[in-house]
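So you can see what is in the structure, the chains are spelled out below.
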Amino acid sequence: MCGRYYISNDTADELEKLTGLVNSILALKQIHRTDIHPSDNAPVLLAAQGKLDCAWLKWGFPLSSDRKKELVFNARCESVLEKSLFREGIRHRRIAVPAEGFYEWNRDKVKYTFREKQRKLLFLAGCCRQYGDGEHFVILTTGANASMLPVHDRMPLILEKNQVTDWILESGRTESLLRQLPPLLERNTEYEQLSFF
């Protein structure tokens, strides 16, 4: 599960190094640090005319019901190719969501921050689809690895930097990347709860 992540102007610097894009990333350079929540607009990497581009899309696919409006902001890797809500996006409109880290809460509502120690930026796999107010995206989740399992049983599907272009532009790699195990992450919390024995 991924329900909140964060970016900053360091995110822009890393994206510029990866893509060589300058104009598409200018708005991101004004951000000092901010948390991104479902329904927020956020920068993503996507395909445009056969190359990588950066665009701001809304996080979450809106679902309408009689009683309330719901937002689907995650999709399971294991079933994403079969579900009609995600199938076309996975086949034709894959994206990578840049994040410096993301948050997850355990059953006791303790908030943990996850990031990769060796690099400044994570790339979370996702897909998007068109709605009346523009394109929206979801983040893909997979089974938790050893670094996440003490907190939650799901985590974002994380792409290595050298997999981003293939994920977005090469449809032949989609299924194998959907099955990969994410790298181990550094896990921190603002405080460690004391245990009494």
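In this report, the structure presented in the accompanying data block is examined. This structure is a prediction, so every number in the text was calculated from the model and none was measured.

Details of the overall build of the chain
Line of reasoning, step 1. Within the chain one finds four helices and 15 strands.
Line of reasoning, step 2. Taking all 197 residues of the chain together, 47% fall into the buried category.
Line of reasoning, step 3. Taking contacts inside the chain between residues at least 6 apart in sequence as the whole, the part at least 24 apart equals 66%.
Line of reasoning, step 4. In the form shown here, the chain has an accessible surface area of approximately 10,700 Å², with 47% of it arising from carbon and sulfur atoms.

Topic: helix H1 (residues 9-19)
Line of reasoning, step 1. All of the buried residues along H1 are Thr11, Ala12, Glu14 and Leu15. Burial along H1 is one-sided: seen end-on, the buried residues are contained in an arc of 170°.
Line of reasoning, step 2. Phi turns positive, to about 75°, at glycine 20, one or two residues after H1.

Remarks on unusual backbone geometry
Line of reasoning, step 1. The backbone phi angle of serine 39 is positive, close to 85°, even though this residue is not glycine.
Line of reasoning, step 2. For serine 39, the position within the fold is in the loop between strand E2 (33-36) and strand E3 (41-48).
Line of reasoning, step 3. Residues other than glycine seldom take positive phi values, yet lysine 109 does so here, at roughly 65°.
Line of reasoning, step 4. In this fold, lysine 109 is placed in the loop between strand E9 (101-105) and strand E10 (111-115).

What to know about the pattern of salt bridges
Note on pairing: side chains with opposite charge can pair once their charged atoms come close.
Line of reasoning, step 1. Counted by the stated rule, this structure contains seven salt bridges.
Line of reasoning, step 2. Here aspartate 166 makes a salt bridge to arginine 173, at a shortest N to O gap of 2.6 Å.
Line of reasoning, step 3. Overall, the relative accessible area of 24% leaves aspartate 166 in the partly exposed class.
Line of reasoning, step 4. A residue is classified by how much of its surface remains accessible, and arginine 173, at 31% relative accessible area, is partly exposed.
Line of reasoning, step 5. A single network of salt bridges, built from pairs that share partners, joins Glu116, Arg119 and Glu160.

Here's the deal with the nonpolar core
Line of reasoning, step 1. Grouped together as the largest cluster of nonpolar side chains are 28 residues, with contacts concentrated most on Tyr5, Val97, Phe102, Leu124, Phe137 and Ile139.
Line of reasoning, step 2. Sorting the residues of this core by element identifies strand E1 (5-8), E3, strand E4 (51-59), strand E8 (94-99), E10, strand E11 (122-131) and strand E12 (134-143) as the ones contributing at least two each.
Line of reasoning, step 3. Membership of the second largest hydrophobic core comes to 26 residues, among which are Phe86, Ile90, Ala96 and Leu140.

Some words on the packing of aromatic side chains
Any aromatic ring pair is given by two values, namely how distant the centres are and how the planes are angled relative to each other.
Line of reasoning, step 1. Applying the stated rule across the entire model yields eight aromatic pairs.
Line of reasoning, step 2. Summarising the aromatic geometry, the rings of tryptophan 59 and phenylalanine 73 are spaced 5.8 Å apart at their centres and angled 80° between planes, so their arrangement reads as edge-to-face. Pair noted here: tryptophan 59 is in strand E4 and phenylalanine 73 is in the loop between strand E6 (69-72) and strand E7 (74-76), with a separation of 14 residues, a long-range link. The two residues tryptophan 59 and phenylalanine 73 agree in class, both being buried.
Line of reasoning, step 3. Aromatic pair phenylalanine 102 and phenylalanine 114: ring centres 5.4 Å apart, planes at 15°, arrangement stacked. Of this pair, phenylalanine 102 sits in strand E9 while phenylalanine 114 sits in strand E10; the two residues are twelve residues apart in sequence, bridging distant segments of the chain.
Line of reasoning, step 4. Given a relative accessible area of 0%, phenylalanine 102 falls into the buried group.
Line of reasoning, step 5. Three or more aromatic residues link up through ring pairs in this structure, and these residues are Tyr5, Trp59, Phe73 and Phe137.

The rules behind each value
Residues numbered from 1 in each chain as written. Predicted model: local features only at pLDDT ≥ 70, side-chain atom pairs only at ≥ 80, totals over all residues. Heavy atoms only, no water. Helix = DSSP H or I, 4+ residues; strand = E, 2+ residues; numbered from the N terminus. Buried < 20%, exposed > 50% of the residue type's maximum accessible area, 1.4 Å probe, protein only. Contact = heavy atoms within 4.5 Å. Areas by Shrake-Rupley, 256 points an atom, 1.4 Å probe, with all protein chains shown as cover. Arc of directions from axis to C-beta. Salt bridge = Lys/Arg side-chain N within 4 Å of Asp/Glu carboxyl O. Core = buried A, V, L, I, M, F, W, Y, C linked by side-chain atoms within 4.5 Å. Phe/Tyr/Trp six-rings, centres within 6.5 Å; stacked < 30°, edge-to-face > 60°.

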